[in-house]
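Next come the chains, spelled out residue by residue.
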Amino acid sequence: MSAVRCIGVSRIFRQGEHEVRGLDNVSLEIEKGEFVCLVAPSGGGKTTLLNAIGGLDRPDSGEIWVAGTRIDTLGKSALAEMRLNHIGFVFQAYNLIPVLTARENVEFVMQLQGVSADERQHRADAILAEVGLKGLEDRRPAKMSGGQQQRVAVARAIVSEPAMVLADEPTANLDSHAAEQLMELFVALNKKHDTTFIIATHDPRVMSYAGRIVRLLDGRIVEDVRQEAA
Amino acid sequence: MRIWSIVGRLAWRNLWRNKRRTLIMISAVSVGIWAMLFMTALLRGMVNEMIRGTVQVLPGHIQIHHPEYRDDPNVVNAIAPPQGKLLALLQSDAVVAWASRVRVPAVVSSERESRSVTLLGIDPDQERSVSFVADSMVAGRFLEGRSDAGIVIGRKLAETLETDIGKRIVIMSQDPQNEIVDRGFRIVGLFDAKLQSVEEGLVFIGIGTAQDFLRLGNRVHEISVLGPGFRDLAALNEAVAAAAGPDLETLPWYELDSYFGTLLQVMDGFVLVWIVVIFLALSFGLVNTLVMAVFERVHEIGLMLALGMRPMVILAQVVVESVLLLLIGLGIGNLLAWTTVARLHAGIDVSVVAEGMEMFGSSAMLYPELAVNDLFMANTVVILLGIVASLSPAWRASRYQPVEALSKV
């Protein structure tokens, strides 16, 4: 069973009288455990495709299947449930909840999943230590640097060991060292848990870690190649 | 349970993100609740005082009569004094006090004036616990026994008749055979009453003297019963009616005096309307606060939806935030109202408008009364309407599309 299957997916944005094709008849199949980079210039459709796969946005036409479930027809609650239990998100902007501490942000998804308090704290502290934030567990996002916030967001995305991680420009706000550490963490998770990674990026350093590069231009897939990861 | 823990935590912390706005809203809710409760306590105090005053004047809480007496308060419509089951009930703990009375229309004459009055033959010992008159003597003395030969009249009536203590007046009435009976009585005391009509219209003699004078034997016209309070009389009224039997009419005060009975019902309705009106004024502020809070957090709401929080949980979070805000406001408002009422327990002097108050049977002192029922109703109404008011912004928050909400800064 494929991790992701897109069949003829189109997404049209209306700006006044103009129509912009964010995705134009995209078909794509990603197997479980693949490490895929969606590469496109700005406005090329990579984030739109990522949002559609993650159930954050609905396509205007086509079908999207995630882990054997067709998600483009699911209701809001069912989609939320699917995201909660199957997908970890890492956004370009750090997207942490400002009133929660680093630990509470990491625990957030587990809390929605109903994980016990002891288990949550144990796993959150372990993952924060793994991303290099030991000692900062009780800090709120406003008291952390951009890189630290992004690592909290990554920790939140992977702490519940989702089957798939969707990351939108995860290294955009990180220095090269932090970006390298983050990618190595992704790769380790990919290998250890067979987690599927789909990363939207135009950062060549990120692409070098991927086993498959899908290039988009004007909402269409123009190239889909497999490569030896770094 | 775990989901409520994160919902509660987020709601509480979000509440304090804009401290000034939250504090202003809490202040508004507190003052609103205080105003609600304090005004209700004042109204309740005033109406209760009026009812107590009215009940104390004579009716008591429950009265027993001959079935035709109320339509025709004639001397012939008399009843036997309480005995058997009725007497046992009246002497039980269920009844606080009771008194039987002779009560007939009569004409009183001094050497200068005549007036129509209601003549009451009373047992002074029983009457002390039931009605106001023993405690309202302003000159002379109260009656000293069932066969006291004196008469007690109102101060105003004494002025009208141009008479005074120690002087004699003549009472004229009818006996059961429709024969005119009359007798001279020496005035032994003058009483004062809140209502002028009471001071002018009632005269009191001993019940034994009245029965002899009117040739009634041991019969009476009225049995007045006091229960533990003027509310919730249904059970006691039922018990008294059962003990009195079907041949007698047993009625609670609110049926005997329909004006005050209706007033009490209107008051209960008015309190609810008053609470709702104040809340409606508050609700604009509440909704505005929540709309602003939601509007400022669209991006976060999108994030929480993206991470898998269900829309209904988002809705619950906004509602919980509203409830927390209201609970704090309610706590402070309740405390303020309770403190205000406690500090005014000695009463508020409204003697400036005393004449108007007396017209309604209330005294020149106003005693605010904070009833548990009113407190419960005000708090419940505020919480329930608060939830209803917060549903609109909460619903809007829960309907966001994650991708659209995430794009808002």
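Here, every reference points to the structure presented above.
Just so you know, the residues in each chain are numbered from 1, in the order the chain's sequence is written. Chains carry letters and ligands carry numbers; both start at the beginning, A for chains and 1 for ligands, and go up in the order they are written. For a predicted model such as this one, the threshold for reporting local features is a pLDDT of at least 70, and the threshold for listing and counting side-chain atom pairs is 80 or more; totals across whole chains, interfaces and linings nevertheless cover every residue. Side-chain numbers here rest on the full set of heavy atoms in the structure, without hydrogens or water.

1. A few points about the overall build of chain A
No. 1: We count a stretch as a helix when DSSP gives it H or I for four or more residues in a row; a strand needs E for two or more, and each element gets its number in order from the N terminus. Tallying secondary structure elements over chain A gives 7 helices and 10 strands in all.
No. 2: Relative to a compact globule of 230 residues, whose C-alpha radius of gyration would be 17 Å, chain A shows 17 Å and is just as compact.
No. 3: Projected onto the principal axes, the alpha-carbon positions of chain A cover approximately 50 × 40 × 40 Å.
No. 4: Across the 230 residues of chain A, 56% fall into the buried class.
No. 5: Residue contacts follow a heavy-atom distance rule, with two residues in contact if any of their heavy atoms lie within 4.5 Å. Across chain A, every contact between residues at least 6 apart in sequence was considered, and the portion connecting residues at least 24 apart equals 67%.
No. 6: When the accessible area of chain A is evaluated, it comes to approximately 9700 Å², of which 47% is carbon and sulfur surface.
No. 7: By the counting rule applied here, Lys and Arg register as positive and Asp and Glu as negative, while His and the ends of each chain are not counted. Note that the charge is assigned to NZ on lysines, CZ on arginines, CG on aspartates and CD on glutamates. Averaging the locations of the 26 positively and 31 negatively charged side chains of chain A gives two centres separated by 3 Å. In this description the radius of gyration comes from C-alpha coordinates, and the expected globular size is given by 2.2 Å times residues to the power 0.38. Between buried and exposed lies partly exposed: a residue is buried under 20% and exposed over 50% of the maximum accessible area for its type, with that area taken using a 1.4 Å probe on protein chains only. Accessible surface area values rest on a Shrake-Rupley calculation with a 1.4 Å probe, where residue burial reflects the displayed protein chains alone.

2. Quick notes on the overall build of chain B
No. 1: Helices and strands together make up the secondary structure of chain B, namely 15 helices and 12 strands.
No. 2: Scaling as 2.2 N^0.38, a compact globule of 409 residues should have a C-alpha radius of gyration of about 22 Å, whereas chain B reaches 31 Å, well beyond that.
No. 3: For chain B, the C-alpha atoms occupy an extent of roughly 100 × 45 × 30 Å along the three principal directions.
No. 4: Residues classed as buried in chain B amount to 51% of the 409 residues present.
No. 5: Sequence-distant contacts, at least 24 apart, represent 77% of the contacts inside chain B between residues at least 6 apart.
No. 6: With the model as given, the accessible surface of chain B reaches about 18700 Å², and the carbon-plus-sulfur share is 59%.
No. 7: Between the averaged position of the 34 positive side-chain charges in chain B and that of its 40 negative side-chain charges there is a distance of 15 Å.

3. Quick look at unusual backbone geometry
No. 1: Phi at Glu-169 of chain A takes a positive value of approximately 45°, unusual for a residue other than glycine.
No. 2: Here Glu-169 of chain A lies in the loop between β7 (164-168) and α6 (176-193).
No. 3: Even without being a glycine, Arg-215 of chain B presents a positive backbone phi close to 55°.

4. Describing the environment of Leu-325 of chain B
No. 1: Its location among the elements puts Leu-325 of chain B in helix α12 (residues 311-343).
No. 2: If we skip the residues at most four places from it in the chain, Leu-325 of chain B touches Leu-15, Thr-22, Met-25, Ile-26, Val-29, Leu-286 and Thr-289 of chain B.

5. Quick look at the interface of chain A and chain B
One frequent convention defines the size of an interface as the accessible area lost when the parts assemble.
No. 1: At the interface, 29 residues of chain A touch 27 residues of chain B.
No. 2: For the chain A and chain B pair, buried surface summed over both sides reaches about 2500 Å², with 62% attributable to carbon and sulfur atoms.
No. 3: Basic side-chain nitrogens of Lys or Arg form a salt bridge, by our definition, when they fall within 4 Å of a carboxyl oxygen of Asp or Glu. Where chain A touches chain B, the interface holds 3 salt bridges.
No. 4: Between Glu-104 of chain A and Arg-9 of chain B there is a salt bridge, with the nearest N and O atoms lying 3.6 Å from each other.
No. 5: By the criterion applied in these results, polar contacts are pairs of N or O atoms within 3.5 Å in which, for protein atoms, one can donate a hydrogen and the other can accept it, and in which residues neighboring in sequence qualify only through two side-chain atoms. In this assembly, chain A and chain B are joined by 8 residue pairs in polar contact (both at pLDDT 80 or more).
No. 6: When residues of the side of chain A that touches chain B are traced back to their parent elements, those giving at least two are α2 (76-86) and α3 (102-113) of chain A.
No. 7: In terms of residue count, α2 of chain A provides more of the side of chain A that touches chain B than any other element does, 6 residues in total.
No. 8: Residues are grouped as follows: nonpolar covers Ala, Val, Leu, Ile, Met, Phe, Trp, Tyr, Cys and Pro; charged covers Asp, Glu, Lys and Arg; every other residue, Gly included, is treated as polar. Taken together, the residues of the side of chain A that touches chain B sort by class into 14 nonpolar, 7 polar and 8 charged. Values labelled buried area give the accessible surface lost by two parts on being combined, using a 1.4 Å probe and summing over both.

6. Describing the side chain of Gln-317 of chain B
No. 1: Turning to its location among the elements, Gln-317 of chain B is positioned in helix α12.
No. 2: Aside from chain neighbours lying at most four places away, what touches Gln-317 of chain B is Val-7, Leu-10, Ala-11, Asn-14, Met-304 and Met-309 of chain B.

7. Thoughts on the packing of aromatic side chains
No. 1: Any two of the Phe, Tyr and Trp rings considered here, Trp counted by its six-membered ring, make a pair once their centres fall within 6.5 Å; the pair's planes then place it as stacked at under 30 degrees, edge-to-face at over 60, or tilted in between. Under the counting rule described, the total for this entry stands at 8 aromatic pairs over all chains.
No. 2: A centroid spacing of 4.8 Å and a plane angle of 35° characterise the contact between Phe-186 of chain A and Phe-197 of chain A, whose relative ring orientation is tilted. Of this pair, Phe-186 of chain A sits in helix α6 while Phe-197 of chain A sits in strand β8 (residues 196-201), placing them 11 residues apart in sequence. For the pair shown, Phe-186 of chain A and Phe-197 of chain A are each scored as buried.
No. 3: Between Trp-253 of chain B and Tyr-254 of chain B, the aromatic rings sit 5.6 Å apart at their centres with planes inclined by 80°, giving edge-to-face as the arrangement.
No. 4: Assessed through its relative accessible area of 2%, Trp-253 of chain B is described here as buried.
No. 5: What links up through ring pairs into an aromatic cluster is the set Phe-35, Phe-186 and Phe-197 of chain A.

8. Some points on the sheet that holds strand β2 (residues 18-31) of chain A
Residue and element names in this part refer to chain A.
No. 1: The 4 strands lie next to each other as β2-β1-β4-β5, forming an open sheet whose pairing is antiparallel. The sheet is open, and its two edges are formed by β2 and β5 (69-70), each paired on a single side.
No. 2: Strand pairing requires that DSSP identify at least two bridges connecting the strands. Inspection of the sheet shows strand β1 (residues 2-15) paired to β2 by 10 bridges, in the antiparallel sense. Bridge pairing in β2 links Phe-13 to Val-20.
No. 3: Lines are fitted to the C-alpha atoms to define the axes, a helix being fitted only along its stretch in contact, and any angle between axes, read from their N-to-C directions, falls within 0 to 180 degrees. The sheet strands contacting helix α1 (residues 46-53) are β1, β2 and β4 (61-66), and the helix crosses β2 at an angle near 60°.

9. Considering the environment of Trp-4 of chain B
Residue and element names in this part refer to chain B.
No. 1: Its place among the elements puts Trp-4 in helix α1 (residues 2-15).
No. 2: Between the alpha carbons of Trp-4 and Val-313 there is a distance of 8.8 Å; along the sequence they are 309 residues apart.
No. 3: The residues contacting Trp-4, other than those within four sequence positions of it, are Ala-316 and Val-320.

10. A closer look at the packing of α12 of chain B against helix α14 (residues 372-398) of chain B
Residue and element names in this part refer to chain B.
No. 1: Interaxial distance between α12 and α14 falls to 8 Å at its minimum, and their mutual angle equals 150°. Between α12 and α14, the crossing angle belongs to the class labelled roughly antiparallel. By crossing handedness, the relation of α12 to α14 is classed as right-handed.
No. 2: Class assignment for the residues of the contact of α12 with α14 results in 18 nonpolar, 6 polar and no charged. In this scheme, roughly parallel covers angles under 35 degrees and roughly antiparallel covers those over 145, while 65 to 115 is roughly perpendicular and the rest are oblique. Helix crossings fall into two classes, left-handed where the near helix is turned counterclockwise from the far one by less than a right angle and right-handed where it is turned clockwise.

11. Regarding the pattern of salt bridges
A side chain of one charge can pair with a side chain of the opposite charge if their charged atoms are brought near each other.
No. 1: Per the counting criterion, the structure on display carries 36 salt bridges over all chains.
No. 2: With its nearest N and O atoms 3.9 Å apart, the salt bridge here joins Arg-310 of chain B to Glu-81 of chain A. With one member in each of two chains, Arg-310 of chain B in the loop between α11 (298-306) and α12 and Glu-81 of chain A in helix α2 form a pair that bridges those chains.
No. 3: The exposure class assigned to Glu-81 of chain A is partly exposed, which follows from its relative accessible area of 36%.
No. 4: A salt bridge links Asp-203 of chain A to Arg-205 of chain A, with the shortest nitrogen-to-oxygen separation between them at 2.8 Å.

12. Observations concerning the side chain of Ser-398 of chain B
No. 1: Checked against the element boundaries, Ser-398 of chain B lands in helix α14.
No. 2: Not counting residues up to four positions away in its chain, the partners in contact with Ser-398 of chain B are Lys-76 of chain A together with Pro-311, Ile-314 and Leu-315 of chain B.

13. Topic: the packing of helix α5 (residues 146-158) of chain A against α6 of chain A
Residues and elements named next belong to chain A.
No. 1: Here α5 crosses α6 at 5°, and the two axes come no closer than 12 Å. Taken as axis vectors, α5 and α6 run roughly parallel relative to one another. Contacts between α5 and α6 involve Arg-151, Val-154 and Ile-158 on the former and, on the latter, Gln-181, Leu-182, Leu-185, Phe-186 and Leu-189.
No. 2: Of the residues belonging to the contact of α5 with α6, the class tally is 6 nonpolar, 1 polar and 1 charged.

Everything listed is a geometric property; what it means functionally is a separate question.
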